Amino acid sequence: MRIILLGPPGAGKGTQSTRIVERLGIPQLSTGDMLRAAVAAGTPVGLEAKSIMESGGLVTDSVVVGIVADRIEEADARGGFILDGFPRTVEQAAALDRMLSEKGLALTTVVEFVVDEEALVGRIAKRAAETAARGEPVRKDDTPEVFKTRLSAYRTQTAPLSAYYASLGMLQTIDGMKPVEAVTEDLFAILDAHVAGATS
Ligand code: AMP
């Protein structure tokens, strides 16, 4: 299965990805995680991405498309993957389509988490407080100010992807405001239907 999870920052894509990883055994490809690793390692990509990420903007399409192209070549991604945080622009989505079709592959589904943006600001503050309470470093882009910039980047650059995937007949939506367990249930109902469709 090749799954895209779409939704604003703080919508729960990361949490639900972990559950898909456990259940389906396919890797979560989070461009945010990959970029944070590049920043920590001080690679050329990391050096380019660092200040953009700290300000809440989007890293350039060519950089992100490059890291995803490399990552999906890896052995563990051959049987499928979950894309979390990618694509984030229509240009990235088109690049992904090209990447997959060159390999004779297709996406299985795109699941959008529909959430109330006001509530997300509170959610992200909670995530930052919990991380700090565990003694772990808090993401620099999880402050309320930067988070608002990230939301605005989502609205202007990423939200058009809903229409893009809907026009391809690929978009499915779930209510991301439900409790975590209920969101997981809704998500697996969608994924299980694809498994059944593929084997029947
Ligand atoms: P995330 O962990 O998905 O919230 O991503 C954290 C930050 O990494 C974003 O605010 C962007 O600066 C950058 N980033 C992650 N994925 C992408 C992407 N697909 N395109 C551009 N920038 C990205």
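The sections below set out a description of the structure shown in this document. Nothing here was measured: the structure is a model prediction, and the numbers come from that model.

Cut-off values and rules
Residues numbered from 1 in each chain as written. Predicted model: local features only at pLDDT ≥ 70, side-chain atom pairs only at ≥ 80, totals over all residues. Heavy atoms only, no water. Near = heavy atom within 4 Å. Polar contact = N/O pair within 3.5 Å; in protein donor to acceptor, adjacent residues only side chain to side chain. Areas by Shrake-Rupley, 256 points an atom, 1.4 Å probe, with all protein chains shown as cover. Helix = DSSP H or I, 4+ residues; strand = E, 2+ residues; numbered from the N terminus. Nonpolar A, V, L, I, M, F, W, Y, C, P; charged D, E, K, R; others polar. Expected span 1.5 Å × (residues − 1). Buried < 20%, exposed > 50% of the residue type's maximum accessible area, 1.4 Å probe, protein only. Arc of directions from axis to C-beta. Contact = heavy atoms within 4.5 Å. Pairing = 2+ DSSP bridges. Axes fitted to C-alpha atoms, helices over the stretch in contact; angles between N-to-C directions. Core = buried A, V, L, I, M, F, W, Y, C linked by side-chain atoms within 4.5 Å.

1. What to know about the site of the ligand
Thinking step 1. For the ligand, the set of nearby residues contains 16 residues, the closest of which are Thr31, Gly57, Gly85, Arg88 and Gln92.
Thinking step 2. Take Thr31: an N or O atom from its side chain is 2.7 Å from a nitrogen atom of the ligand.
Thinking step 3. A distance of 3.2 Å separates an oxygen atom of the ligand from a polar atom in the side chain of Arg139.
Thinking step 4. Surface burial for the ligand is 96%, taken as the share of its 480 Å² of free accessible area covered by protein chains.
Thinking step 5. By residue number, the principal contributor to the shell around the ligand is helix α2 (residues 31-41), which donates 4 residues.
Thinking step 6. Class assignment of the residues belonging to the shell around the ligand gives a composition of 6 nonpolar, 5 polar and 5 charged.

2. Brief notes about helix α5 (residues 90-102)
Thinking step 1. Taking 1.5 Å as the rise per residue, α5 with 13 residues should run 18 Å; its terminal C-alpha atoms sit 18 Å apart, in good agreement.
Thinking step 2. Within α5, burial applies to Gln92, Ala93, Ala95, Leu96, Met99 and Leu100. Around the axis of α5, the buried residues are gathered within 160 degrees of arc, so they sit on the same side. Along α5, exposed side chains directed more than 90 degrees from the buried face belong to Ser101 and Glu102.
Thinking step 3. Of the surrounding secondary structure, the elements contacted by the buried residues of α5 are β1 (2-6), α4 (61-71), β3 (81-84) and α8 (160-167).
Thinking step 4. Positioned one or two residues after α5, Gly104 has a phi angle of 75 degrees, which is positive.

3. Describing the sheet that holds strand β4 (residues 109-114)
Thinking step 1. As summarised here, the arrangement of the 5 strands in space is β2-β3-β1-β4-β5, forming an open sheet in which the pairing is parallel. Each having just a single partner strand, β2 (28-30) and β5 (171-175) make up the two edges of the open sheet. Taking each pair of neighbouring strands and ignoring which way they run, the sheet shows an average axis angle of 25 degrees.
Thinking step 2. With 4 bridges connecting them, β1 and β4 associate as parallel partners.

4. Here we look at the nonpolar core
Thinking step 1. One finds Leu83, Leu96, Leu107 and Tyr165 to be the most contacted residues of the largest nonpolar core, which totals 29 residues.
Thinking step 2. If sequence neighbours within four positions are ignored, Leu107 has contacts with Arg2, Ile4, Leu96, Leu100, Tyr165 and Met170.
Thinking step 3. Counting residues in hydrophobic clusters, the runner-up holds 19 residues, among them Ile3, Ile26, Ile82 and Leu191.

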